[in-house]
Every structure is written in C-alpha cells, then in structure tokens.
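Architecture and fold: a report
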Amino acid sequence: MGGKRRCEALENAAILPCISASCYASIHTGVPAQEHGCTGNRNVFRLSQPDIFSQVRQAGGVTAAVTHSFWSAFFNRAPFDPDRDIEYDEPDSPSINHGRFYTMDGYGSVNQMTPSDADLFAPVTNLAHRFGFDYGILHASTLDSMGHRFFHDCQEMDHACLVMDEMLAPYIVKWRAMGYEVIVTADHGQDERGHHGGHSALQQDFALYYFGEAQGPAPETLLDQLQLAPTILSRMGAEIPATMKAKPFLT
Ligand SMILES: [Zn+2]
C-alpha cells in the first residue's frame, strides 16, 4: 500500500428520483434519469446508453453480476424471464458474462422476500474463483427492505447493519487478497419514515467506502452518483464513453 490510505469513507448523493431502479440505471450508465428514461421500479427496460458492463467488455474484460433481476433487464435483456435469466454464463455476451439474480417476487413490508446477504457474498466470490472476472457487482436488498419496514432509527436497523457488517468484513479481506479494489456503497438513503425517492439529504445521501490503492478526495466531499460509472471505468482502464460527463473521484 506504500503508506496510501487503505479505506476512503466518503458521502455520495443519489440522482432524482432516488428510487432503486432509477438509481441502478444511473450508477451503471453515469447519466441522470432524464436521459436513461427509467422513472421508477415500474419502468424497467433494456437501457440504450453505454454502461460499465459494456465498456469493460469492449476493453476485453470479463463481467459478473449477483444482483436484483432489474440489473439483468437494464444491461443484458428485458423483460427478465426467471426460467432463462435467473442464472447464466455467457462468455461471448457484450454485457454481463456471469449473472446470478434474485427477483424478490412477492415482496411486501412484512414478508421481505430478500435472500440472506451471505447467500450473495458467497456466489460472487465463487464466480470470481471460477471465472476470474475483472468487474463484478454484488447488490443486496436486505437493508433497504428493513428500512422500509422498521425505519432507520431503531434497534432492528442497528442489528441489521451489524449483521451486514459482520458478514461483509471477511469478504473485503478475501476480495482484496484476490487483487480486487472494492467499493461499498448504496443506491439511495432513506428518511425517518423509511421513504426514498424525493429531494432531501436523508433520502439522497449515503456512505461510500473505497478499499484500494487509488487516492480519493477529502473525506467530507459530497460525491455525485453519476461519478461512479466513470470512476470505475477509469480504475478498470476501460474507455469512458462521451455520455458519462461526471468526473472520476479516484486517481
Ligand atoms: Zn427502497
């Protein structure tokens, strides 16, 4: 590490509307909802903009995703057909090569229908060992569901965050040992009634942690969610397309 900081803790602001699907689309395309056109969770389709998967593939890299099914629909093919798309290994794909997905079909505030986060950390690590992907995204939905159900300022969320921390911590060490840089962040915040989608600091702002060799801005810097895609591509050595206008925050 040569004396460089091992972990950067920063704050990031979501696009508007800060609804999950719109944020997923912006995280990976680097363009706002006004451009990609996803106005919310009921408007999921194959996006037309270049994204992290497509750019990494063009640079010769291998990609993986262990995420909600919206990511497969946005960046590979839509509509999501569970029988065909719940998992795939497609070495020639121009987007996601190795995908493992969950749908949360039947989701409600009492029955969350989320897989355990441990059941996502293991598959993405398994894919890394088996296929040596260059870029992978893991996306868990437990904390969002817990926040909708219990709101954030309560014992249940304290415990849920601790469980997530405890499950994630050993994997950060494993992934770093495998040579990966790691960014841990969220799609949006959540307010005191468990809501997100609108314009308030609690709904839009969330933490971002970076583990790797690059240098970040000052810890109090409020990042723009649109910076994530070009930042990741710059770390991957892949071309940043003209549609991604925000500046990378790691150097
Ligand atoms: Zn939510």
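Residues numbered from 1 in each chain as written. Predicted model: local features only at pLDDT ≥ 70, side-chain atom pairs only at ≥ 80, totals over all residues. Heavy atoms only, no water.

Glancing now at the coordination of the zinc ion. Within the protein, the zinc ion binds to Asp-144 (OD), Asp-144 (OD), His-148 (NE2) and His-196 (NE2); these donor distances fall in the range 2.1 to 2.4 Å. Each of the four donor atoms bound to the zinc ion contributes to angles spanning 57 to 155 degrees, and the resulting shape is irregular. Mapped onto the polypeptide sequence, the residues donating to the zinc ion form the spacing pattern D-x3-H-x47-H. Taken as a pair, His-148 in helix 7 (residues 142-150) and His-196 in the loop between strand 6 (182-185) and helix 9 (201-204) lie far apart in primary sequence, 48 residues in all. With a relative accessible area of 9%, His-196 lands in the buried category. (Donors = N, O, S within 2.8 Å, 3.2 Å for Na, K, Ca; no water. Tetrahedral: all angles 85-135°; square planar, octahedral: opposite > 155°, others 65-115°. Helix = DSSP H or I, 4+ residues; strand = E, 2+ residues; numbered from the N terminus. Buried < 20%, exposed > 50% of the residue type's maximum accessible area, 1.4 Å probe, protein only.)

With that settled, consider the confidence of the model for the protein. With 97% of its residues at a pLDDT of 70 or more, the protein shows a mean pLDDT of 95. Considering only residues more than four positions removed or in separate chains, one finds that residues 1-5, a stretch of pLDDT under 50, has nine contacts. (pLDDT = per-residue confidence, 0-100. Contact = heavy atoms within 4.5 Å.)

If you trace the backbone, Arg-235 turns up in helix 10 (residues 228-236). According to the relative accessible area criterion, Arg-235 is partly exposed, its value standing at 32%. Here Glu-181 takes part through its side chain, which lies 2.7 Å from a polar atom of the side chain of Arg-235. (Polar contact = N/O pair within 3.5 Å; in protein donor to acceptor, adjacent residues only side chain to side chain.)

So, about unusual backbone geometry. Cis geometry marks the peptide bond from Leu-16 to Pro-17, where omega comes out at -5 degrees. The omega torsion of the bond from Ala-78 to Pro-79 falls at 0 degrees, within 30 degrees of zero and hence cis. Mapped onto the elements of the fold, Pro-79 is located in the loop between helix 4 (69-75) and helix 5 (82-85). Positive phi outside glycine occurs at Met-104, with the angle close to 55 degrees. Checked against the element boundaries, Met-104 lands in the loop between strand 4 (98-102) and helix 6 (118-131). One non-glycine residue, Met-113, lies in the positive phi region at around 60 degrees. Here Met-113 is to be found in the loop between strand 4 and helix 6. For Met-113, a relative accessible area of 38% corresponds to the partly exposed category.

The next point concerns the sheet that holds strand 3 (residues 87-89). Strand order in the open sheet formed by four strands is 3-4-2-5, and the pairing between neighbours is mixed. A single partner strand is all that each edge strand has here, and the edge strands are strand 3 and strand 5 (135-138). For this sheet, the mean angle separating the axes of adjacent strands, direction not counted, is 5 degrees. As defined by bridge partners, strand 3 adjoins strand 4 across three bridges and the pair is classed as antiparallel. When the bridges of strand 4 are listed, Asp-89 appears paired with His-98. (Pairing = 2+ DSSP bridges. Axes fitted to C-alpha atoms, helices over the stretch in contact; angles between N-to-C directions.)

Our next topic: helix 1 (residues 20-29). Of all ten residues in helix 1, ten are buried; the element is thus mostly enclosed. Each element contacted by the buried residues of helix 1 is listed here: helix 2 (33-36), helix 3 (52-58), helix 4, strand 5 and helix 10. Gly-30 sits one or two residues past helix 1 and shows a positive phi near 75 degrees.

We now examine the packing of helix 7 against helix 8 (residues 155-177). When two helices pack together, their arrangement is given by the angle between their axes and by how far apart the axes lie. Relative orientation of the contacting elements helix 7 and helix 8 amounts to 175 degrees, with a least axis distance of 10 Å. Taken together, the axis directions place helix 7 and helix 8 in an arrangement best described as roughly antiparallel. Of helix 8, the residues touching helix 7 (which contributes Leu-143, Met-146, Gly-147 and Phe-150) are Glu-156, Met-157, Ala-160, Cys-161 and Met-164. (Parallel < 35°, antiparallel > 145°, perpendicular 65-115°, else oblique.)

Of all five residues making up strand 4, five are buried, and the element is well covered by its neighbours. Alternating positions in strand 4 separate into two faces, His-98, Arg-100 and Tyr-102 on one and Gly-99 and Phe-101 on the other, with burial throughout. Strand direction decides the pairing type here: strand 2 (residues 63-68) and strand 4, joined by five bridges, are parallel. Each bridged residue has a counterpart across the sheet, and for Ala-64 the counterpart in strand 4 is His-98.

Before going further, it helps to examine helix 6. An ideal rise of 1.5 Å per residue puts 20 Å on 14 residues; helix 6 measures up with 20 Å between its terminal C-alpha atoms. For helix 6, the set of buried residues is Leu-120, Phe-121, Val-124, Thr-125, Leu-127 and Ala-128. Around the axis of helix 6, the buried residues are gathered within 155 degrees of arc, so they sit on the same side. Those residues of helix 6 that are exposed and angled more than 90 degrees off the buried face are Asp-119, His-129 and Arg-130. Among the residues trailing helix 6, Gly-132 stands out with phi positive, at a value near 55 degrees. (Expected span 1.5 Å × (residues − 1). Arc of directions from axis to C-beta.)

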